[in-house]
Amino acid sequence: MKPAPAIGPNAVTQLVPALTRQGFDGMVPQVFARAGVSGWLADPPAVMVDERQVAALHRTLRAELPAEQASLVLAEAGRLTADYLLAARIPALAQAILKLLPASLSASLLVGAIKAHAWTFAGSGRFSARSGKPLILKITNNPLCAGEHAAAPICLWHAAVFRRLFEVLVSHHVRVDEIDCEACGDDACRFSIDWS
């Protein structure tokens, strides 16, 4: 049997400190229980996890918290995920080189690295990028918003991961906006990235 499409564990593990930092530590057991993943609290995943369970957790978090607070938690979890990648997955030498290069070249190299590892955050979705300013990153069939319906884009975790990586490695003055979202009826989730 073919294994279920998976997403990296940071899409799960960083939600706990994000909820705590935003003052919702008391809701952690409730959110995980309602998503059907209580076991992850006692035994946090350290390897790739079923994208359907991750999506259920993100969906439950958005349902259990008021929209503004859910957005803050997901953005914080995305920032913490990027910080983990910077500390543990992106070699210090590579980071130093990216910081020294012109921003457009750093951005191009960073997008190449993101594309090579897209399976870790896009699961069964398809990742692509369009160069230029603004740079456009696209996830088609994004599993973290599958089946959702929203008036405004909801992929704040992805946007925050991208924002933090670009602000550390490309330019301190970066703007990342989700300009299209499948939850809003668009054909893909698109993230516009611009820097000065």
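Our subject is the structure that appears above.
Residues numbered from 1 in each chain as written. Predicted model: local features only at pLDDT ≥ 70, side-chain atom pairs only at ≥ 80, totals over all residues. Heavy atoms only, no water.

Focus on the overall build of the chain
Here is step 1: Counting its secondary structure elements, the chain contains 10 helices and six strands.
Here is step 2: Expected size for 196 residues packed as a compact globule is a radius of gyration near 16 Å; at 16 Å, the chain falls within 12% of this value.
Here is step 3: With the C-alpha coordinates of the chain rotated into their principal frame, the extents come out at 45 × 40 × 35 Å.
Here is step 4: Looking at the chain as a whole, 47% of its 196 residues qualify as buried.
Here is step 5: Of the contacts made within the chain by residues no fewer than 6 positions apart, 68% connect residues no fewer than 24 positions apart.
Here is step 6: Split by element, the accessible area of the chain, about 9600 Å² in all, is 57% carbon and sulfur. (Helix = DSSP H or I, 4+ residues; strand = E, 2+ residues; numbered from the N terminus. Rg over C-alpha atoms; globule rule 2.2 N^0.38 Å. Buried < 20%, exposed > 50% of the residue type's maximum accessible area, 1.4 Å probe, protein only. Contact = heavy atoms within 4.5 Å. Areas by Shrake-Rupley, 256 points an atom, 1.4 Å probe, with all protein chains shown as cover.)

Side note on helix 8 (residues 103-116)
For an α-helix, the turn length of 3.6 residues means that residues three or four places apart are oriented alike.
Here is step 1: The terminal C-alpha atoms of helix 8, which comprises 14 residues, lie 20 Å apart, in line with the 20 Å expected from a rise of 1.5 Å per residue.
Here is step 2: Along helix 8, the residues that are buried comprise Ser106, Ala107, Leu110, Val111 and Ile114. Along the long axis of helix 8, the arc covered by the buried residues comes to 135 degrees, so they all point the same way.
Here is step 3: For helix 8, the elements touching its buried residues are helix 7 (92-100), helix 9 (119-122), strand 3 (126-130), strand 4 (135-140), helix 10 (156-169) and strand 6 (189-195). (Expected span 1.5 Å × (residues − 1). Arc of directions from axis to C-beta.)

Some details on empty space enclosed by the protein
Empty space left among the atoms is revealed by rolling a probe the size of a water molecule over them.
Here is step 1: Taken as a whole and assessed by the stated rule, the structure comprises one cavity of 30 Å³ or more.
Here is step 2: Counted as a void, the largest cavity has a volume near 40 Å³.
Here is step 3: Elements supplying a minimum of two residues to the lining of the largest cavity: helix 5 (51-64) and helix 10.
Here is step 4: For the lining of the largest cavity, the leading source of residues is helix 10, giving three residues. (1 Å grid on protein atoms, 1.4 Å probe; cavity = no way out; pocket = protein on both sides within 12 Å on 5 of 7 lines; lining within 4 Å. Points joined across faces, edges and corners; volume = space filled by probe spheres on them.)

Considerations on the sheet that holds strand 4
Here is step 1: Taking strand neighbours across the sheet as the criterion, the four strands line up as 3-4-6-5 in an open arrangement whose pairing is antiparallel. Each edge of the open sheet is held by one strand with a lone partner, namely strand 3 and strand 5 (174-180). Adjacent strand axes in the sheet meet at a mean angle of 20 degrees when their direction is disregarded.
Here is step 2: Summarising the sheet, strand 4 and strand 6 pair through five bridges and their orientation is antiparallel. Paired with Leu135 across the strands is Ile193, a residue of strand 6.
Here is step 3: Sitting on the sheet, helix 10 touches strand 3, strand 4, strand 5 and strand 6, and the angle it makes with strand 5 is about 155 degrees. (Pairing = 2+ DSSP bridges. Axes fitted to C-alpha atoms, helices over the stretch in contact; angles between N-to-C directions.)

Regarding the side chain of His58
Here is step 1: Here His58 shows up in helix 5.
Here is step 2: Ignoring anything within four residues of it in the chain, the contact list for His58 reads Ala11, Leu15, Leu74, Leu144 and Trp157.

Quick notes on the layout of surface pockets
Here is step 1: The volume enclosed by the largest pocket comes to roughly 750 Å³.
Here is step 2: Around the largest pocket, the lining comprises 31 residues; the ones closest to its centre are Leu85, Arg89, Ile90, His117 and Thr120.
Here is step 3: When residues of the lining of the largest pocket are traced back to their parent elements, those giving at least two are helix 1 (10-13), helix 6 (67-88), helix 7, helix 8, helix 9 and helix 10.
Here is step 4: By residue number, the principal contributor to the lining of the largest pocket is helix 10, which donates five residues.

What about the pairing of strand 6?
Here is step 1: Buried residues dominate strand 6, accounting for six of its seven residues.
Here is step 2: Of the strand pairs in this sheet, strand 5 and strand 6 are connected by six bridges, and their pairing is antiparallel. Considered in strand 6, the bridge of Val176 is made with Ile193.

What to know about the pattern of salt bridges
Opposite charge on two side chains permits pairing when their charged atoms draw close.
Here is step 1: Considering all chains together, one arrives at 12 salt bridges under this definition.
Here is step 2: Of the charged contacts in the structure, one is a salt bridge between Arg164 and Asp83, with a shortest N-O distance of 2.7 Å. Here Arg164, found in helix 10, pairs with Asp83, found in helix 6; they are 81 residues apart in sequence, far enough to count as distant.
Here is step 3: Take Asp83: its relative accessible area is 22%, and that puts it in the partly exposed class.
Here is step 4: A salt bridge links Arg164 to Glu167, with the shortest nitrogen-to-oxygen separation between them at 2.9 Å. Of this pair, Arg164 and Glu167 both sit in helix 10, separated by three residues, roughly a single helical turn. (Salt bridge = Lys/Arg side-chain N within 4 Å of Asp/Glu carboxyl O.)

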